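This is what each chain is made of:
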Amino acid sequence: MTTSLRLLLEDYLSLMREEGELDVFLPLLMAAMGHEVVYRPQKGPRQFGVDVASVGFDSDGKKKLFMWLIKCGDIGRPDWDSGPQSIRQSINDVSDVYIHSHVSPAHKALDKKLLIVTNGDFRANINQSIATYLSTWSKQHKIEAEQINGSKIAAWTEEHLLNEYVLPVKERGLLRRMLANVQSPEMCIAVGRQLIDQLLNVAIPPEKSASAIAKIQSTSLRGVVTALNVLFVWGQSEGNLLGPYRVAEYALLAAWSRYHAELFVPASGKRIAHDVGGILAQLASISGAYHAKLDDHYHVQDSFAYSYRDSALVSKAVFEEMGRLGAVGYFWAHSAIVTSKDLSTAVAIKYADRLQALLESHSCSELPVFDYHSAHVHAALALLLATNRKEFARQWLDKMCRRLAYAFSNPIYFPMRATFDDVLQIRRGYMELGPEHQPASTLTPILLTWFAALEMPEAYTFLRGKMLEHREKITPNFWSTDAGYDGIVNDFDRIHSHGVGEAMTVISEDPLEFLSKMVVTLPGCESIADSSWYKQGLTIIPLMAAVHWSVQIPREAIVRQVVALCGIQISASTAATPSNRAD
């Protein structure tokens, strides 16, 4: 690893807080160093000088009990000898209490070593005092002692966590470029995708044993988690978390694409699920920090308009926020149902609060400029229903219906599948609106589904009539997946060429009949019940793929989700097979 990356790591480590960050990172580093962590940080009881304890081999080849005294930031004189939490008092607690009462019988015979660790440095005005005291203390109690600063932790991270197995030379260069471009999200995302792909696409020789393969797979996924962790902290320090957020989205999709089949292998399923869960946890952490930072923008009237120079850009930004809030928020809401955890419920409600505030403060949310934001609308509605905001969802849908009524009469305001430049020129009268700008509508079938499920008969009848009236110019379009969808969620081009488009030339007059037809798998396509994401209950996968790439969600997934959220019962006897298909 080059010196420049080590300096980046040292900066990254210096940003960590002691509780919840540094004391979580260090046990990961210890494990990578071959240590067995025998005691981890705990809240509540006194730790008597030892924050973490591990057993491993030292540089002299001897097996020892390592006692880690963890502090945060630069260590000065007040930190050394001022109060009950001072370093000097903690060192004395180790010799007076911890050694005698907290060491397991299995470890009493081992040589012992105390490490005073900080992610900063030991200031010059106190360094000599600490060194002298530790020398005397070590001789008196026959316990080795060593000072460890941020530079030393960075060197250990280089050697053990970002070694040639986890982050080879080529990947280290990509990591540097990704961090350097964190202020330019598009560049950060592009480089981040390359890094994630190279970390995950490791070759597994066929002659390897099951345990060797397991180690290769875990190392691959651990490298992704480490890279995301570094990027997250770096993004926080630079004040820009959009790049880290989008890279984390992609990392989840790429890991799922690479390893989803392994979840069903008895020997490796639980381990892979745990490692992929680590990536999902990173996404949740980055998402939480990102949306918390934008809280004020969600509540201030038309705040996004102050950051973008054109209404089409404002619409794009608002609907992208809507999709991110909806996808991750719905994940928390679904988790709350599955696990019955109050924390998941509270987080889901927080996301829904932000989403509702965004919708109330930005009138442009009543109809997207771009048709490819249809998935973002669905994700937002799913979150609203999952958090018991049915009436608010109805109000929002009613506003969209009114906007659509105007757009049908004034086609330049109908959601387009066009570039920003084309939209700008069309709306300002510099270009004629052509069929290539509105070849199909993916938004109207989704709205029709929600109108049917939320018992909005007037809106359903109106939209159905308009869709049939204008179907030769703007074809309503659903999309169904073929086999192998789980394996392509990380690839825009493969998603774009995958599956079957359904041109809706016939639409049932009765809303319930419409739902009963749309909930059934399209003949010749794979049912979502056969998908890995469905079997594992990870609805975030199709939602995140659609939001990340701005593509469609599988029709069966949309309708099943809507029907379930709205509490509609559709029996097998009433379900009918859809017949519209456009390959």
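Per chain, the residues get numbers from 1 upward, laid out in the order the sequence is written. Only residues with pLDDT of 70 or above have their local features reported here, since the model is predicted, and side-chain atom pairs are shown and tallied only from 80 upward, although totals for entire chains, interfaces and linings are computed over all residues. With hydrogens and water set aside, each side-chain value is computed from the structure's full complement of heavy atoms.

(A) Examining the environment of Ala-503 more closely. Helix and strand labels come from DSSP, where a helix needs a run of H or I of at least four residues and a strand needs a run of E of at least two; each type is numbered from the N terminus. Looking at the element boundaries, Ala-503 is found in strand 8 (residues 500-503). Considered as a pair, Ala-503 and Gly-484 are 19 residues apart in the sequence and their alpha carbons are 22 Å apart.

(B) A look at the sheet that holds strand 4 (residues 111-118). The strand order across the open sheet formed by 5 strands is 1-2-3-4-5, and the pairing between neighbours is mixed. Every interior strand has two partners, whereas the edge strands, strand 1 (36-39) and strand 5 (144-148), have only one. Strand-to-strand twist across the sheet, computed as the mean angle between neighbouring axes with direction ignored, equals 25°. By the convention used here, strands pair only if DSSP detects at least 2 bridges between them. Alignment of strand 3 (residues 63-71) against strand 4, held across 8 bridges, turns out to be parallel. Comment: axis = line fitted to C-alpha atoms, over the contacting stretch for helices; angle = value between 0 and 180 degrees taken between N-to-C directions.

(C) The arrangement of the packing of aromatic side chains in detail. Stacked, tilted and edge-to-face are the three classes applied to pairs of Phe, Tyr and Trp rings, where Trp contributes its six-membered ring and a pair requires centres within 6.5 Å; stacked means planes under 30 degrees apart, edge-to-face means over 60, and tilted covers the rest. Considering all chains together, one arrives at 12 aromatic pairs under this definition. Arranged with centres 6.1 Å apart and planes meeting at 90°, the rings of Tyr-250 and Trp-549 form a pair that is edge-to-face. Here Tyr-250 is found in helix 10 (residues 242-259), whereas its partner Trp-549 is found in helix 23 (residues 540-549), with 299 residues between them in sequence. Overall, the relative accessible area of 13% leaves Trp-549 in the buried class. Among the aromatic residues, those joined into a ring-pair cluster are Tyr-250, Phe-492 and Trp-549. It is Arg-354 that lies over the ring of Tyr-351; its NZ or CZ is 5.7 Å from the centre. Burial classes follow relative accessibility: with a 1.4 Å probe on protein chains only, a residue under 20% of its type's maximum area counts as buried, one over 50% as exposed, and anything between as partly exposed. The rule for a charge over a ring is simple: NZ of Lys or CZ of Arg within 6 Å of the ring centre, and within 35 degrees of the ring normal.

(D) Structural detail: the side chain of Arg-246. Looking at the secondary structure, you find Arg-246 in helix 10. In protein, a polar contact means a hydrogen-donor-capable atom and an acceptor-capable atom, both N or O and within 3.5 Å, with residues adjacent in sequence counting only if both atoms are side-chain atoms; elsewhere, any N or O pair within 3.5 Å suffices. Among the polar contacts made by the side chain of Arg-246, one reaches the side chain of His-548 at a distance of 3.1 Å. Contacts between residues were defined by any pair of non-hydrogen atoms, one from each residue, lying within 4.5 Å. In this view, Arg-246 contacts Ile-189, Arg-193, Arg-324 and His-548; residues no more than four positions away in its chain are not counted.

(E) Expanded view of helix 15 (residues 374-386). Between its first and last C-alpha, helix 15 extends 18 Å over 13 residues, near the 18 Å set by a 1.5 Å rise per residue. Most of helix 15 sits out of view: 12 of its 13 residues are buried. Of the residues making up helix 15, those classed as buried are Ser-374, Ala-375, His-376, Val-377, His-378, Ala-379, Ala-380, Leu-381, Ala-382, Leu-383, Leu-384 and Leu-385. The elements touched by buried residues of helix 15 are helix 13 (311-339), helix 14 (342-361), helix 16 (390-409), helix 18 (443-453), helix 23 and helix 24 (555-565). Between the first and last residue of a helix there are one fewer steps than residues, each counted as 1.5 Å, and that sum is the expected span.

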